[in-house]
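Inside the fold
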Amino acid sequence: MMTLQTELLAAISWAAQQGWTPATGGNFSARTEAGYLVTASGRDKTRIQADDLLLCDLDGRVLSGDGKPSAESDLHAALYRLDPTINCVLHTHTLASTVLSRRFPNGIELSGFEMQKALQGNVTHDASVLLPVVPNSQDMDELAEHVRSGWPMPWGFLVTGHGIYAVGDSIASCRRHLEAIEFLLSCVLEESRWSK
Ligand SMILES: CSC[C@@H](O)[C@@H](O)C(=O)COP(=O)(O)O
Ligand SMILES: [Zn+2]
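Residues numbered from 1 in each chain as written. Chains lettered and ligands numbered in written order. Predicted model: local features only at pLDDT ≥ 70, side-chain atom pairs only at ≥ 80, totals over all residues. Heavy atoms only, no water.

Remarks on unusual backbone geometry
What counts, and what does not: Think of it this way: any DSSP run of H or I at least four residues long counts as a helix, any run of E at least two long counts as a strand, and we number them from the N terminus. Each residue's exposure class comes from its accessible area (1.4 Å probe, protein chains only) as a fraction of the maximum for that residue type: buried when under 20%, exposed when over 50%, partly exposed otherwise.
Cis rather than trans, the peptide bond between Trp151 and Pro152 has omega equal to 5 degrees. Of note, Pro152 is situated in the loop between α4 (140-149) and β9 (156-159). A positive phi angle, near 50 degrees, is found at Ala23, a position not held by glycine. Among the structural elements, Ala23 can be located in the loop between α1 (4-17) and β1 (27-31). Residue Thr24 is not a glycine yet carries a positive backbone phi of 70 degrees. Mapping Thr24 onto the fold places it in the loop between α1 and β1. For Thr24, a relative accessible area of 37% puts it in the partly exposed group.

This is how it looks when you write it as structure tokens:
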């Protein structure tokens, strides 16, 4: 059976192979009994390995591992404290999420896409769902406050001009949310070209 660490490393490599972690962008974590495993800051996610992961407690303090935790580790900690059902947080920097979060800073409306059903709690394409967008900040307490004020966000959210934060109750469901959000955003971006 895959360990949590192996499953998280596989998710990171997969996201990196999609081209979703340019220039060391992105950070990734999974909840453990002691807290959460999170990527160290500044690592090339296309070459991720076990010693690129640190174990932190839910206050973001490093329990084991070398190097500095991700610059956004405290946001991961805040998400785990905020919602006990979150067991994984995957963050990517993609073109569609960066561009569309700047174009629609109050949220992105999705309707009519079959892929909406990959987002937990949705059973039909025939509904309108809002993908939340929160303002960016280099201050993780401020960013976490933006997220708290818009909670619940069952699949995650975008950060303006920054990227996607996907959440899930397992690494598998978080991967599904991340992939679905990215696919849906690519559709919205493509459709925005139709009217030109
Ligand atoms: C390389 S710019 C991206 C960073 O500022 C940050 O947003 C990011 O996603 C990666 O930071 P990191 O500290 O490596 O986890
Ligand atoms: Zn980032």
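Brief notes about the UniProt feature "binding site: Zn(2+)" (unreviewed entry) in the protein chain
Counted only if it meets this: UniProt positions are given in the numbering used here, feature names are shortened, and annotations may be inferred rather than shown by experiment. By definition, residues are in contact when any of their heavy atoms lie within 4.5 Å.
Cross-referencing UniProt, the feature "binding site: Zn(2+)" (unreviewed entry) maps to His91 and His93 in the present numbering. Here His91 shows up in strand β5 (residues 88-92). The exposure class of His91 is buried, given its relative accessible area of 0%. In this structure His91 touches Gly26, Asn27, Phe28, Glu72, His162, Gly163, Ile164 and Tyr165, once residues within four positions along its chain are discounted. If you trace the backbone, His93 turns up in the loop between β5 and α3 (95-103). In this view, His93 contacts Trp20, Thr21, Pro22, Gly25, Gly26, His162 and Gly163; residues no more than four positions away in its chain are not counted.

Side note on the site of ligand 1
We count it as follows: Each residue is tested against the molecule or strand, and it is near if at least one of its non-hydrogen atoms lies within 4 Å. For this analysis, a polar contact is any N or O atom pair within 3.5 Å, provided that within protein one partner can donate a hydrogen and the other can accept it, and provided that sequence-adjacent residues contribute only side-chain to side-chain pairs. Per-residue and other accessible areas were derived by the Shrake-Rupley procedure at a 1.4 Å probe size, with only the shown protein chains allowed to occlude residues.
Every one of the 14 residues lining ligand 1 counts as a neighbour, but Gly26, Ser41, Gly42, Ser70 and Glu72 are closest to it. At a separation of 2.6 Å, an oxygen atom of ligand 1 approaches a polar side-chain atom of Ser70. In the environment of ligand 1, an oxygen atom lies 2.5 Å from a nitrogen or oxygen atom belonging to the side chain of Glu72. Protein contacts shield 75% of the accessible area of ligand 1, which totals 410 Å² for the unbound molecule.

Thoughts on the coordination of the zinc ion (ligand 2)
The criterion, for reference: Donors, by definition, are the N, O and S atoms found within 2.8 Å of a metal, the threshold being 3.2 Å for Na, K and Ca, and water is not counted, so a site can look incomplete.
Distances from the zinc ion (ligand 2) to its protein donors, His91 (NE2), His93 (NE2) and His162 (NE2), fall at 2.1 to 2.2 Å. Within one chain, the residues donating to the zinc ion (ligand 2) are spaced in sequence as H-x1-H-x68-H. With His91 in strand β5 and His162 in the loop between β9 and β10 (163-168), this pair connects stretches of sequence that are 71 residues apart. Like His162, His91 is buried.

Comments concerning the packing of α1 against helix α5 (residues 171-192)
To keep it simple, the criterion reads: What counts as an axis is a line fitted to C-alpha atoms, over the stretch in contact for a helix, and the angles between N-to-C directions run from 0 to 180 degrees. Convention used here: angles under 35 degrees read as roughly parallel, angles over 145 as roughly antiparallel, angles from 65 to 115 as roughly perpendicular, and any remaining angle as oblique. Residue polarity follows a fixed list, in which Ala, Val, Leu, Ile, Met, Phe, Trp, Tyr, Cys and Pro are nonpolar, Asp, Glu, Lys and Arg are charged, and the others, Gly among them, are polar.
Across the interface, α1 lies against α5 with an axial gap of 10 Å and an inter-helix angle of 10 degrees. Comparing the axis directions of α1 and α5 gives the class roughly parallel. Two secondary-structure elements touch here, α1 through Leu4, Glu7, Leu8, Ala10, Ala11 and Trp14 and α5 through Ile171, Ala172, Arg175, Leu178 and Glu179. Across the contact of α1 with α5, the residue classes tally to eight nonpolar, no polar and three charged.

A short note on the pairing of β5
Note the cut-off: We call two strands paired when DSSP finds no fewer than two bridges between them.
Of all five residues making up β5, five are buried, and the element is well covered by its neighbours. Taking every second residue as pointing to the same face, both faces of β5 are buried, with Cys88, Leu90 and Thr92 on one and Val89 and His91 on the other. For β1 and β5, the ladder comprises four bridges, and the chain directions are antiparallel. Bridging across to β5, Ala30 finds its partner in Cys88.

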